[in-house]
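Residues per chain are reported as follows:
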Amino acid sequence: MYCPFCGHQQHSKPMFCCSCGKNIKFLCDVDDDKPGTSEATGKSMLESFQTFRSLKEKERRGSFKNKKRSLNDNLKLVKISVGLMRLQDGGLKAVRGSVLPLLVQPEVDATALQRAAEQKLKAFHRNLPSGPYSLLYPDCTKICNIPGTEVPFTLKEYKEALGKAYQRITLYICTAEDFFTSSQETNHESDSSDSEVIIRSPRSKEFNTADTLLWEPADGEPGTDSTAPEVPGTSSGTMETTCYSKYTELYAPIVIEDEDDSDRVECNHDIEEDEGMDKPSISEITANLALEIDHRAVSRFNICRSDIWNGAVRGFKRATFSEKKDILVKFSDNEGTLEEGIDTGGPKREFLSLLMKELKKRPIFDGPMESRYLVYNSTAILEDEYYLAGKMIAVSIVHGGPGPYFLSKNLISYISGQDSFKSSVGEITDEEIGKVLKEIQNAPSVQILQDLILQNSAMLQTAGCFRRVGSCEEKTRLVEEYLKWYIIHRNSTAIERFKAGLETLQFLTALKEHPTVLTPALCHTEVKLSAEQVENLFQPVLSPQGSNMRTQEDKARTYWADYLLDCEEDNSAVTLEEVLMFAAGVPCVPPAGMSPLPRLHFMSPSTSKFPMANTCANILKIPLLDSYTAFKANMDFGIKNSPGFGCF
């Protein structure tokens, strides 16, 4: 008798199997009922069980083989690196920080590898340009075949031809548009450097000039007599580069041609001088950029003065926002009064002024408050705040608001494509780094300078400035190189996104064309608002000469002039910037100028004893009071305590 569960032979008739312990009492009952068939039944059951067991074993082994095969397939993956190339300065260059590891099979071809590289880079770079793309070798050539052969590309073949490990292989992708542009420029350079030399007969040469000049020489003119002697130095086999040579050959002997050329050169020289003398003003440039704005459509902003930044971010990220639409602002903390501004409206100017003030405090900037530069911030990268900041600045300037007036001149110089870089250790906010740079800058001898470099080798190696110095004069260059890396190169990713935001309304293009004109709108200047400037800015609207009202208005004008002087000399609780903010919604004259021109109106005491303003029309109304003391006190109180927007 055998156990049907494990197949172990049972020498007696136990109730339980002595091998597996299963209950086999039913076998004993069957043997008792049919003693003659017990041996046959046992054999048949054993055979069926063994067949079942062999099938299960085969199925189990088959499952294990599949798992091992999939595991082996995974082990065949190799790691290479893929990066991104972009068109810069007329050629393709690798984007710093874009190289990523990629797991692929060695037998992958160019198409599958390009698809995997695009998927990898798009997953990491959220703002990757849209395709189509081309897969490139490090020398910027397109991947089709193995270099120097006609063998189709596979990663394994390329690795064997290159003689490097898979981990040391780096390939790139770039947009098809950039690759085509780079190829065209390369072909143009090669064509211009290696012009084709063609040997033509005189008859064929004259025939080829037909597309440039219709020329049929009359009888007796040079060129009709085939027996005429050849000019010394020429022959019928002269080498010509283009068909245009016949044209120059015909007209070269004419003297007036040379005179015209000299006159033309002189005219060009005069034009260049005129262009240098008549540079466009900043208001003309911004007015030209503002031509793209459609004043028939608006982008709405709902702003709370206590939370300017979040309200601005919501507005700029709204799907219906467009920088080419006018801006309509509604403040929600105005004691129930609806304040809206459109076109030349004051609420728009006040919103942009407060936004630029809030932007100065954002963590994406570092350095002194008057000369701030961009710094890398991981949270800001995820939220794309650098692009948003550049876009806000461009929109503010073009839409009639103020500039930031706090950016570093070195940052703007780098963004506008200039090579100048003049920085100081004082711009470094990190105390330890600033202390080390000052010690290097003040090193009295070469030995001390070398010791300082060795002591701070890790810091200098990070910036690529660690090297041996041979003289004490090299310390200045060493500090300058570190400052340039600290301010510019280490923050290149943030700067590129900031530049992308500045391209809004073509502001970055204008900045590159007119850097000296537009830089004052972005950087801090020592020139402050003066009392004379504010007084001349507001043109008074006076009553007829000789009237009683005119006499009171003339006295109020003197009060107004004295009040501005007190504000300039810090003898008042109000500054000139606050006066202008109260009246026009901006703390300074914006780059686009003031439109409409500000005006000064006068009110009788029965109307109001405090100043009033209409910022949409740039109108400031001052009270007619008997004494300067009362005038100054009421002006201070009205400007400091005006709820909302300059209306008391």
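Bear in mind the structure is a predicted one, so any value in this text is a computation, not a measurement.

Rules of the game
- Residues numbered from 1 in each chain as written.
- Predicted model: local features only at pLDDT ≥ 70, side-chain atom pairs only at ≥ 80, totals over all residues.
- Heavy atoms only, no water.
- Helix = DSSP H or I, 4+ residues; strand = E, 2+ residues; numbered from the N terminus.
- Pairing = 2+ DSSP bridges.
- Expected span 1.5 Å × (residues − 1).
- Buried < 20%, exposed > 50% of the residue type's maximum accessible area, 1.4 Å probe, protein only.
- 1 Å grid on protein atoms, 1.4 Å probe; cavity = no way out; pocket = protein on both sides within 12 Å on 5 of 7 lines; lining within 4 Å.
- Points joined across faces, edges and corners; volume = space filled by probe spheres on them.
- Nonpolar A, V, L, I, M, F, W, Y, C, P; charged D, E, K, R; others polar.
- UniProt positions renumbered as here; feature names shortened; annotations may be inferred.
- Contact = heavy atoms within 4.5 Å.
- Patch = residues over 30% accessible without salt bridge, like charges linked within 9 Å, V, L, I, M, F, W, Y side chains within 5 Å.
- Areas by Shrake-Rupley, 256 points an atom, 1.4 Å probe, with all protein chains shown as cover.
- Salt bridge = Lys/Arg side-chain N within 4 Å of Asp/Glu carboxyl O.
- Lys, Arg positive; Asp, Glu negative; His and termini not counted.
- Charge placed at Lys NZ, Arg CZ, Asp CG, Glu CD.
- Phe/Tyr/Trp six-rings, centres within 6.5 Å; stacked < 30°, edge-to-face > 60°.
- Lys NZ or Arg CZ within 6 Å of the ring centre and 35° of its normal.

A. Expanded view of unusual backbone geometry. The linkage connecting serine 595 with the following residue, proline 596, adopts the cis geometry, with an omega of -5°. If you trace the backbone, proline 596 turns up in the loop between α24 (576–584) and β14 (599–603). The phi dihedral of leucine 505 is positive, around 55°, even though this residue is not glycine. Tracing the sequence through the fold places leucine 505 in the loop between α19 (492–502) and α20 (507–513).

B. Structural view of the sheet that holds strand β16 (residues 619–623). Read across the sheet, 4 strands follow the order β13-β14-β16-β15 without closing on themselves; strand pairing throughout is mixed. Sheet topology places β13 (539–540) and β15 (612–614) at the edges, where each strand pairs with a single neighbour.

C. Layout of helix α11 (residues 346–359). Between the first and last C-alpha of α11 there are 20 Å, a value that for 14 residues agrees with the 20 Å anticipated at 1.5 Å per step. Burial runs high along α11: 11 of the 14 residues are buried. The complete set of buried residues in α11 reads Gly346, Pro347, Lys348, Arg349, Glu350, Phe351, Leu352, Ser353, Leu355, Met356 and Leu359.

D. Inspection of the layout of surface pockets at higher detail. In this model, the largest pocket occupies a volume close to 1800 Å³. For the largest pocket, the lining is made up of 47 residues, of which Arg86, Val95, Ser492, Thr493 and Glu496 are closest to its centre. Secondary structure elements with two or more residues in the lining of the largest pocket: β1 (78–88), β2 (91–94), β5 (170–175), α12 (378–382), α13 (385–398), α14 (409–415), α19 and α20. Here the lining of the largest pocket gets 6 residues from one element, more than from any other, and that element is α19. In terms of residue class, the lining of the largest pocket is made up of 19 nonpolar, 14 polar and 14 charged.

E. Just the UniProt feature "active site" (unreviewed entry) in the protein, in detail. UniProt feature "active site" (unreviewed entry): in the numbering of this structure it lies at Cys616. With respect to the secondary-structure elements, cysteine 616 resides in the loop between β15 and β16.

F. Quick peek at the side chain of serine 396. Tracing the backbone through its elements, the reader meets serine 396 in helix α13. Accessibility expressed as a relative area gives 0% for serine 396, which makes it buried. When neighbours within four sequence positions are excluded, serine 396 is seen to be in contact with Leu352, Met356, Gly401 and Pro402.

G. Representation of a negative patch on the surface within the structure. Taken together, the side chains of Glu532, Glu535, Glu568, Glu569 and Asp570 present a region of like negative charge at the surface. With respect to the helices and strands, the residue aspartate 570 is situated in the loop between α23 (548–568) and α24. A relative accessible area of 65% means that aspartate 570 is categorised as exposed.

H. Looking closely at the packing of aromatic side chains. On inspection of all chains with the given rule, the structure shows 16 aromatic pairs. On the basis of an interplanar angle of 65° and a centroid distance of 5.3 Å, the ring pair of phenylalanine 301 and phenylalanine 316 is categorised as edge-to-face. One end of the pair, phenylalanine 301, is in strand β8 (residues 294–303); the other, phenylalanine 316, is in helix α10 (residues 308–317), and 15 residues separate them in sequence. For phenylalanine 301, a relative accessible area of 0% puts it in the buried group. Relative to phenylalanine 631, the ring of tyrosine 559 lies with its centre 5.7 Å away and its plane at 45°, an arrangement referred to as tilted. Here tyrosine 559 is found in helix α23, whereas its partner phenylalanine 631 is found in helix α25 (residues 628–640), with 72 residues between them in sequence. Aromatic ring contacts, followed pair by pair, group Phe301, Phe316, Phe321 and Phe351 into a single cluster. Here lysine 22 stacks its cationic end above the ring of phenylalanine 5, 4.8 Å away from the centre of that ring.

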